[in-house]
Amino acid sequence: MKNCLRKIAAAAVSVIPAMAAIAMTISANNIASPFIGQPVPPESLKKYRKF
(Lines give C-alpha, C1' and ligand atoms only; values in the text may rest on other atoms or scores of the structure.)
Protein backbone atom coordinates (compact mmCIF):
# COMPACT_ATOMS: atom_id res chain seq x y z
CA MET A 1 0.00 0.00 0.00
CA LYS A 2 2.80 2.44 0.87
CA ASN A 3 4.61 1.63 -2.37
CA CYS A 4 1.49 2.44 -4.38
CA LEU A 5 1.04 5.76 -2.55
CA ARG A 6 4.68 6.67 -3.16
CA LYS A 7 4.29 6.01 -6.90
CA ILE A 8 1.16 8.17 -7.03
CA ALA A 9 2.86 10.97 -5.10
CA ALA A 10 5.93 10.82 -7.36
CA ALA A 11 3.75 11.02 -10.46
CA ALA A 12 1.83 13.99 -9.03
CA VAL A 13 5.03 15.85 -8.16
CA SER A 14 6.52 15.22 -11.62
CA VAL A 15 3.53 16.96 -13.25
CA ILE A 16 4.04 20.23 -11.33
CA PRO A 17 6.70 21.73 -13.69
CA ALA A 18 4.51 21.08 -16.73
CA MET A 19 1.53 22.66 -15.01
CA ALA A 20 3.64 25.70 -14.11
CA ALA A 21 4.75 26.15 -17.73
CA ILE A 22 1.15 25.92 -18.93
CA ALA A 23 -0.01 28.43 -16.33
CA MET A 24 2.78 30.83 -17.29
CA THR A 25 1.86 30.62 -20.98
CA ILE A 26 -1.82 31.22 -20.29
CA SER A 27 -0.99 34.14 -18.05
CA ALA A 28 1.40 35.65 -20.61
CA ASN A 29 -1.24 35.39 -23.32
CA ASN A 30 -3.92 37.04 -21.18
CA ILE A 31 -2.02 39.68 -19.21
CA ALA A 32 -1.55 42.31 -21.91
CA SER A 33 -5.13 42.92 -22.89
CA PRO A 34 -6.71 46.25 -23.80
CA PHE A 35 -9.64 45.30 -21.58
CA ILE A 36 -7.37 45.07 -18.52
CA GLY A 37 -5.66 48.38 -19.27
CA GLN A 38 -2.35 47.34 -20.81
CA PRO A 39 -2.74 47.55 -24.61
CA VAL A 40 0.95 46.94 -25.40
CA PRO A 41 2.79 44.01 -23.79
CA PRO A 42 6.28 44.54 -22.37
CA GLU A 43 9.22 43.36 -24.47
CA SER A 44 10.24 40.73 -21.91
CA LEU A 45 6.81 39.10 -22.13
CA LYS A 46 7.01 38.34 -25.84
CA LYS A 47 9.29 35.32 -25.39
CA TYR A 48 6.56 33.53 -23.40
CA ARG A 49 3.72 34.19 -25.83
CA LYS A 50 2.63 31.35 -28.08
CA PHE A 51 0.93 33.32 -30.87
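Before any of the text, the structure's been laid out above.
By convention here, each chain's residues receive numbers from 1 onward along its written sequence. Whole-chain, interface and lining totals are the exception, using all residues; otherwise, since this is a predicted model, local features are given only for residues with pLDDT of at least 70 and side-chain atom pairs are given and counted only at 80 or more. Values reported for side chains reflect all heavy atoms of the structure, with hydrogen atoms and water molecules removed beforehand.

Peer 1: Help me understand the overall build of the protein in this model?
Peer 2: Labels follow the DSSP assignment, with helices taken as runs of H or I lasting at least four residues and strands as runs of E lasting at least two, numbered in each case from the N terminus. In terms of regular secondary structure, the protein is built from one helix and zero strands. Surface accessibility follows the Shrake-Rupley procedure with a 1.4 Å probe radius. Residue values consider only the protein chains on display as shielding. Within the structure as shown, the protein displays about 4400 Å² of accessible surface, and the carbon and sulfur contribution to it stands at 70%.

Peer 1: Just checking my understanding: could you explain the environment of A28 for this structure?
Peer 2: Along the chain, A28 falls in helix α1 (residues 2–31). A28 sits 19 residues away from K47 along the chain, and the two C-alpha atoms are 9.2 Å apart.

Peer 1: What should I look at first to understand a nonpolar patch on the surface in this one?
Peer 2: Residues with no salt bridge and a relative accessible area higher than 30% make up the patches, which join like charges within 9 Å and nonpolar side chains (Val, Leu, Ile, Met, Phe, Trp, Tyr) within 5 Å. Put simply, a salt bridge is a Lys or Arg side-chain nitrogen that is within 4 Å of an Asp or Glu carboxyl oxygen. A contiguous nonpolar surface patch, about 380 Å² in accessible area, is contributed by M1, L5 and I8. Mapped onto the elements, I8 comes out in helix α1.

Limitation: the analysis is restricted to geometry and does not speak to function.
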